[in-house]
Amino acid sequence: MTAAIHDDAGAFAAVLAPGAALMGLDLGTRTIGLAVSDTGRRIATPLATIRRRSFSTDAADLLATARARAIGGLVIGLPRNMDGSEGPRCQSVRAFARNLAPLTDMPITFWDERLSTVAAERALLEAETSRKRRAQVIDHVAAGYILQGLLDRLGHLDAGRAHE
């Protein structure tokens, strides 16, 4: 059991089981934000934040959540620099994915998460969320933005195939 890791949304989409929901991850140094999609893969919903402890514990927690929700693929936010280059944080996220892959058969892909936390913060401010509540939910709201970005891309890929 080793998951395939895809850098391309089209390749990721090609290996997904029909009707399986996806899970988005926002990997931070202290927390992991989780979001899930519907089975039609149209809407991302923020789910929870896991407090990081060790890789094995973190992986077990998120894979248990994925199993409980019949998740068919993982979308991990890739924190690129503003110029598009990859720095140490991207290397850390890619290493997490490489370590996670042997523990699951779910395909894994990455989504550029630049500004996802900024967008999540803005949305929470517009909703007049208290500072304390924002701190509690920001990571899984950011995971929702990451997942929604990929879902929108998959929708465009499907639309393109429908016109062929």
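Residues numbered from 1 in each chain as written. Predicted model: local features only at pLDDT ≥ 70, side-chain atom pairs only at ≥ 80, totals over all residues. Heavy atoms only, no water.

Secondary structure assignment for the protein chain yields five helices and six strands. Of the regular secondary structure in the protein chain, the N- to C-terminal order runs β-α-β-β-β-α-β-α-β-α-α. Within the protein chain, residue pairs in contact and separated by at least 24 positions form 67% of the contacts whose partners lie at least 6 positions apart. When the accessible area of the protein chain is evaluated, it comes to approximately 8600 Å², of which 52% is carbon and sulfur surface. (Helix = DSSP H or I, 4+ residues; strand = E, 2+ residues; numbered from the N terminus. Contact = heavy atoms within 4.5 Å. Areas by Shrake-Rupley, 256 points an atom, 1.4 Å probe, with all protein chains shown as cover.)

This part is about the sheet that holds strand E3 (residues 31-37). Read across the sheet, six strands follow the order E1-E6-E5-E2-E3-E4 without closing on themselves; strand pairing throughout is mixed. With one partner strand each, in any of the chains shown, strand E1 (5-6) and strand E4 (44-51) form the two edges of the open sheet. Direction of pairing for E3 relative to E4: antiparallel, over a ladder of seven bridges. In the sheet register, isoleucine 32 faces E4, and the bridge partner there is isoleucine 50. This element, helix H3 (residues 88-100), spans E1, strand E2 (21-27), E3, strand E5 (71-78) and strand E6 (108-112) of the sheet and lies at about 160 degrees to E5. (Pairing = 2+ DSSP bridges. Axes fitted to C-alpha atoms, helices over the stretch in contact; angles between N-to-C directions.)

Further remarks concern the pattern of salt bridges. For the coordinates displayed, the defined rule picks out six salt bridges. Its salt-bridge partner being aspartate 61, residue arginine 53 comes within 2.6 Å of it at the nearest N-O pair. For arginine 53, a relative accessible area of 58% translates into the label exposed. Where arginine 94 meets glutamate 86, a salt bridge forms, and the shortest distance between an N and an O atom there is 2.8 Å. Residue arginine 94 is classed as buried on the basis of its relative accessible area, which comes to 17%. Residues joined in a network through salt bridges with shared partners are Asp7, Arg80, Glu86 and Arg94. (Salt bridge = Lys/Arg side-chain N within 4 Å of Asp/Glu carboxyl O. Buried < 20%, exposed > 50% of the residue type's maximum accessible area, 1.4 Å probe, protein only.)

Turning to unusual backbone geometry, a few remarks are in order. In the Ramachandran plot, arginine 41 falls in the positive-phi region, its phi being about 55 degrees despite a non-glycine side chain. Structurally, the position occupied by arginine 41 is in the loop between E3 and E4. Taking relative accessible area as the criterion, arginine 41 reaches 18% and is therefore assigned buried. The phi torsion at alanine 70 lies on the positive side, around 50 degrees, for a residue other than glycine. For alanine 70, the location among the structural elements is in the loop between helix H2 (55-68) and E5.

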